[in-house]
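What the coordinates show
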Amino acid sequence: MQAKKRYLILFSAGVCLILLFYLQGPASRRTPNRGDDPHPHWPHFSDPLRAFIPWDQTETEDYNVRVSPRHKRDDNSGAYKCRMDSCFDFSLCGSNGFKVYVYPQQKGEKISESYRNILSSIESSRFYTSDPGQACLFVLNLDTLDRDQLSPQYVHNLKTKIQNLNLWNNGRNHLIFNLYSGTWPDYTEDLGFEIGQAMLAKASISTENFRPDFDISIPLFSKDHPRTGGDRGYLKYNTIPPFRKYVLVFKGKRYLTGIGSDTRNALHHVHNAEDVVLLTTCKHGKDWQKHKDARCDKDNAEYDRYDYKEMLHNSTFCLVPRGRRLGSFRFLEALQAACVPVMLSNGWELPFSEIIDWHTAAVIGDERLLLQIPSTVRSIHQDRILSLRQQTQFLWEAYFSSVEKIVLTTLEIIQDRVLQHNARSTLMWNRLPGGLFTLPQFSSYLGDFPFFYSVLGVKPQQKFTAVIHAVTPLVSQSQPIFKLLVAVAKSQYCAQIIVLWNCDKPLPAKHRWPATSVPVIVIEGESKVMSSRFLPYDNIRTDAVLSLDEDTVLSTTEVDFAFTVWQIFPERIVGYPARSHFWDSNKERWGYTSKWTNDYSMVLTGAAFYHRYYNYLYTQYLPGSLKSMVDQLSNCEDILMNFLVSAVTKMPPIKVTQKKQYKETMMGQTSRASRWADPDHFAQRQMCMNKFASWFGTMPLVHSQMRLDPVLFKDQVSILRKKYRDIERL
């Protein structure tokens, strides 16, 4: 019995030793491959594709089958490891914020018009600095847009020229723009010089070469793409049902040989010459007839029968297949035409993919499933089609309609990476008015922006702050400003009154101001300039601002009614004095008129409500050149604010009906004359209209004939006649 026990003990010990050997053996063999660190590395859970994969399985064949090509590349190629935290020096952006420096142009260096437009857009933006010591980001003044060696725009010896730049620092904190790379026959994405640690803003970039959260994919745009402004999209209002003459169209080159030929050569399989019209031509290049096939003559003849623009504007979907490179001009053409892009370019990192949800504006196809494209687009419901088309218009106008918007979007994306605590949300980027007009430095809460109220179900505060702009010394108690103070203070919605003292005389003593039931705060204007009336003062705590000129004549009832209207339209300017713009064909310029007509496009801020966010946007978004012009003229600040708000909302302001005796009064004989009496005042405003339109690149003002009258607004007539009966008095 004792022998049997000893035998069992020895047998168990042997089994344990064998198990211990097999358990420790592989580990001991793996340890040298991990260096001298005896502790295994925990998985990096920030990468969703690698989470929970044991460290000792990452080198197995099974792991490499499952992992994406992008992660293989990141693991195995040191050249692609650049990320913001590894190849960007955030310390340069600390004290001065996000500033961009453009290298001075070198003598003898030619720059293409497209690249000059890019540099001009940067130099005219609020990000620009001429001091490299203040810069967070650097942009070359060497033209890197076209790196096709066969192109006349190709810049030679670029590698040497860049390496000789004193600030290059292996590309750290540099941004390189590129539209074309590679050449016949391979069209690779090589730029012909070492970019080092620089970021790429590149068109037609592949997902394989794209470095997420570091590079930026931009659209391919033509040399004729406008620098600023750009045309509006072509979607017309009330296009329901959203179907057009054609379901799917394409017209372009058919590459007979080489890269990009497979997809376009196969388009004839789904072309039916009825509602699916996919046209290609062999006529391109000097030697196309050498490669001519049996279909070329027929394809060329049918190609010439159709007008491209007519097809573009009368089709529901537009095919965007790859060409020699992954991107093409048709992408932007389809967006502008409200023709839903059907992407057929496998591996293309879509433009601004970091911020734009392209599934809301495009159909992402697969080149391998070309024959399924017609049935796929036919199956999309008309509600979905209308939504897609509307989103194409928003994205076009917000980010793609001009070189300036493409450049600013690129810079704003980088700024969001640098200032992560202020980064915009996906909603900000993908809904009106878009990321360029939604400055996150104002607030991190969407509910603080007037254009998101309806989305979030938020209502503005029930109080307003009145800001009275004073430029005339206090001489008599009968001056209009005293009557205005009393009338505004009696409003049930008034929280406080701020008197902005922009007069050359010292601040009046407190006892000079009338006693009111709400606080009256007198602030001395900064530098006594006109733009100071739109500064985002900390004293303004309410959502609504009532902007008033000192000589405005308004009753308490009028103030109350205008505020109730503004609460329904908090994203717009709502007020009394209306003006209009028009195109003067004889002088070929924009004109300004103050005639009382049924039509208006501006509500002047001499008596108007607007959201306090526009004070911040006016101060931070608009360039110093426009604000300096306003300050020098002591004029046009109200027009500039109307330009800004209409550019944001794409809508007109709202005029409310006032007493017939409303007027911008003249000052008394003992005070300085009102600026309205200045004979040069009107001429200056004409000039301002055209200067502002030039900077915006378009005319953002929108005409309207809507007036909201207290007799008809919201409630029964009999009740409103009693509620606002003072307005009806002549």
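Relevant structure appears above.
Notes on the structure follow. (Residues numbered from 1 in each chain as written. Predicted model: local features only at pLDDT ≥ 70, side-chain atom pairs only at ≥ 80, totals over all residues. Heavy atoms only, no water.)

Regarding the sheet that holds strand S1 (residues 100–102)
Quick reminder of the rule: Two strands qualify as a pair provided DSSP detects at least 2 bridges between them. Runs of H or I in DSSP of at least four residues are treated as helices and runs of E of at least two as strands, each being numbered from the N terminus. The contact criterion used throughout is that any non-hydrogen atoms of two residues lie within 4.5 Å. Every angle, taken between N-to-C directions, lies between 0 and 180 degrees, and every axis is a line fitted to C-alpha atoms, over only the stretch in contact when it is a helix.
The sheet built from 5 strands is open, its strands ordered S1-S2-S4-S6-S7 with parallel pairing. Either end of the sheet is taken by a strand with one partner, and the two such strands are S1 and strand S7 (216–217). Looking at chain direction, strand S4 (residues 174–178) and strand S6 (residues 199–202) are connected through 4 bridges and run parallel. Directly across from Leu 175, in S6, lies its bridge partner Met 199. Strands S1, strand S2 (137–139) and S4 of the sheet are contacted by helix H5 (residues 113–123), whose axis makes an angle of about 135 degrees with S1.

Quick word on the pairing of strand S16 (residues 544–549)
Along any regular strand the residues' side chains alternate between the sheet's two faces. To be explicit about the condition: Burial here depends on accessible area, computed with a 1.4 Å probe over protein chains only, as a share of the maximum for the residue type. Under 20% is buried, over 50% is exposed, and the range in between is partly exposed.
For S16, the tally of buried residues reaches 6 of 6 residues, placing the bulk of the element in the interior. The alternating pattern of S16 places Ala 544, Leu 546 and Leu 548 and Val 545, Ser 547 and Asp 549 on opposite faces, both of which are buried. Sheet topology note: the S16/strand S21 (residues 607–611) ladder contains 5 bridges and is antiparallel. Across the sheet, the residue bridging to Leu 548 is Ala 607, located in S21.

Section: the pattern of salt bridges
Note on pairing: side chains with opposite charge can pair once their charged atoms come close. This is how the line gets drawn: Any Lys or Arg side-chain nitrogen found within 4 Å of a carboxyl oxygen on Asp or Glu counts as a salt bridge.
Under the counting rule described, the total for this entry stands at 22 salt bridges. Two residues, Arg 211 and Asp 215, come together in a salt bridge whose shortest N-O distance is 2.7 Å. Looking at Arg 211, the relative accessible area reads 3%, which means it is buried. Given a relative accessible area of 1%, Asp 215 falls into the buried group. A salt bridge links Asp 275 to Arg 378; the nearest nitrogen and oxygen atoms lie 2.6 Å apart. With Asp 275 in the loop between helix H7 (261–265) and strand S9 (276–281) and Arg 378 in helix H11 (residues 373–378), this residue pair connects regions lying 103 residues apart in the sequence.

What to know about helix H8 (residues 296–305)
By the burial criterion, the buried members of H8 are Cys 296, Asp 299, Asn 300, Glu 302 and Tyr 303. On its buried side, H8 packs onto strand S8 (246–253) and S9.

Brief notes about empty space enclosed by the protein
Under the convention used in this document: Of the two site types, the cavity is a set of points on a 1 Å grid over the protein atoms alone where a 1.4 Å probe fits but cannot get out, and the pocket is an open set with protein on both sides within 12 Å along at least five of seven lines, each lined by residues with an atom within 4 Å of a point. Grid points are joined across faces, edges and corners, and a volume is the space filled by probe spheres set on the points. For this classification, the nonpolar set comprises Ala, Val, Leu, Ile, Met, Phe, Trp, Tyr, Cys and Pro, the charged set comprises Asp, Glu, Lys and Arg, and every other residue, Gly included, is treated as polar. Residue ranges assigned to the domains are those given by an automatic or database domain assignment.
A full pass over the atoms with the stated rule returns 5 cavities of 30 Å³ or more. Taken as a whole, the largest cavity spans an internal volume of roughly 100 Å³. Forming the walls of the largest cavity are Ser 121, Ser 124, Ser 125, Arg 126, Glu 404, Leu 408, Tyr 621, Leu 622, Pro 623 and Trp 695. Taken together, the residues that form the lining of the largest cavity break down as 5 nonpolar, 3 polar and 2 charged. Mapped onto the domain boundaries, the lining of the largest cavity takes at least three residues apiece from domain 1 (81–217) and domain 3 (464–708). Roughly 60 Å³ of internal volume is contained in the second largest cavity. What lines the second largest cavity is simply Val 249, Phe 250, Lys 251, Tyr 308, Met 311, Leu 312, Cys 318, Leu 319, Val 320, Arg 330 and Ala 334. Of the residues that constitute the lining of the second largest cavity, the class distribution is 9 nonpolar, no polar and 2 charged.

Concerning the packing of helix H12 (residues 382–400) against helix H13 (residues 403–418)
Put simply, the test is: Geometric relationships in this document are graded by angle, where less than 35 degrees denotes roughly parallel, more than 145 denotes roughly antiparallel, 65 to 115 denotes roughly perpendicular, and other angles denote oblique.
In contact at an axis separation of 7 Å, H12 and H13 are set at 80 degrees when each is read in the N-to-C sense. Taken together, the axis directions place H12 and H13 in an arrangement best described as roughly perpendicular. Contacts between H12 and H13 involve Glu 397, Ala 398, Tyr 399 and Phe 400 on the former and, on the latter, Lys 405, Ile 406 and Thr 409. Within the contact of H12 with H13, the residues separate by chemical class into 4 nonpolar, 1 polar and 2 charged.

Overview of the packing of aromatic side chains
Heads up, the rule is: Centres within 6.5 Å are what make two rings of Phe, Tyr or Trp a pair, Trp counting through its six-membered ring; a difference in plane orientation under 30 degrees is then read as stacked, over 60 as edge-to-face, and the rest as tilted. Our definition puts a charge over a ring when NZ of Lys or CZ of Arg is within 6 Å of the ring centre and also within 35 degrees of the ring normal.
Throughout the structure, instances matching the rule amount to 36 aromatic pairs. Between Phe 331 and Trp 348 the ring centres are 5.5 Å apart and the planes differ by 75 degrees, which places this aromatic pair in the edge-to-face class. Note that Phe 331 is positioned in helix H10 (residues 330–336) and Trp 348 in the loop between strand S11 (340–344) and strand S12 (363–364), a separation of 17 residues in sequence. Exposure class is identical for Phe 331 and Trp 348. Each is buried. Taking 5.4 Å as the distance between ring centres and 50 degrees as the angle between the ring planes, the aromatic pair formed by Phe 464 and Phe 563 counts as tilted. With Phe 464 in strand S13 (residues 464–470) and Phe 563 in helix H17 (residues 556–568), this residue pair connects regions lying 99 residues apart in the sequence. Each member of the pair, Phe 464 as well as Phe 563, carries the same accessibility label: buried. A connected cluster of aromatic rings, assembled from ring pairs, spans Phe 442, Phe 449, Phe 451, Phe 452, Tyr 613, Tyr 614 and Tyr 616. The lysine or arginine in question, Lys 251, covers the ring of Tyr 303, its NZ or CZ lying 4.5 Å from the ring centre. Positioned above the aromatic ring of Trp 596 is the side chain of Lys 655, whose terminal nitrogen or guanidinium carbon lies 5.9 Å from the ring centre.

Quick look at the sheet that holds strand S18 (residues 578–584)
With antiparallel pairing, 3 strands are arranged side by side in an open sheet as S19-S18-S20. Across the chains shown, the open sheet's two edge strands, defined by having one partner strand only, are strand S19 (589–593) and strand S20 (602–603). As paired elements, S18 and S20 share 2 bridges and run antiparallel to each other. When the bridges of S20 are listed, Ala 578 appears paired with Val 603. Each of S18, S19 and S20 touches helix H21 (residues 681–696); the most contacted strand, S19, lies at about 135 degrees to it.

Here we look at the pairing of strand S10 (residues 315–321)
Across the 7 residues that make up S10, a large majority, 7, are buried. Direction of pairing for S8 relative to S10: parallel, over a ladder of 3 bridges. Looking across to S10, one finds that Tyr 246 is bridged to Ser 315. Pairing geometry for S10 and S11, over 5 bridges, is parallel. Bridge pairing links Leu 319 to Val 342 in S11.

Focus on the side chain of Asn 635
Here is the rule: Under this definition, polar contacts are N or O atom pairs within 3.5 Å; protein pairs additionally need one hydrogen-donor-capable and one acceptor-capable atom, and for neighbouring residues in sequence, both atoms have to be side-chain atoms.
Mapped onto the elements of the fold, Asn 635 is located in the loop between helix H19 (624–633) and helix H20 (637–649). Of the polar contacts made by the side chain of Asn 635, one reaches the side chain of Gln 684; its length is 3.0 Å.

Focus on the packing of helix H18 (residues 613–620) against H20
For any two helices packed against each other, one specifies the crossing angle of their axes together with the interaxial distance. Running from N to C, H18 and H20 cross one another at 105 degrees; their axes reach a closest spacing of 11 Å. Relative to H20, the element H18 lies roughly perpendicular. Of the residues in H20, those in contact with Tyr 614, Asn 615, Leu 617 and Tyr 618 of H18 are Glu 637, Leu 640, Met 641, Leu 644, Val 645, Val 648 and Thr 649.

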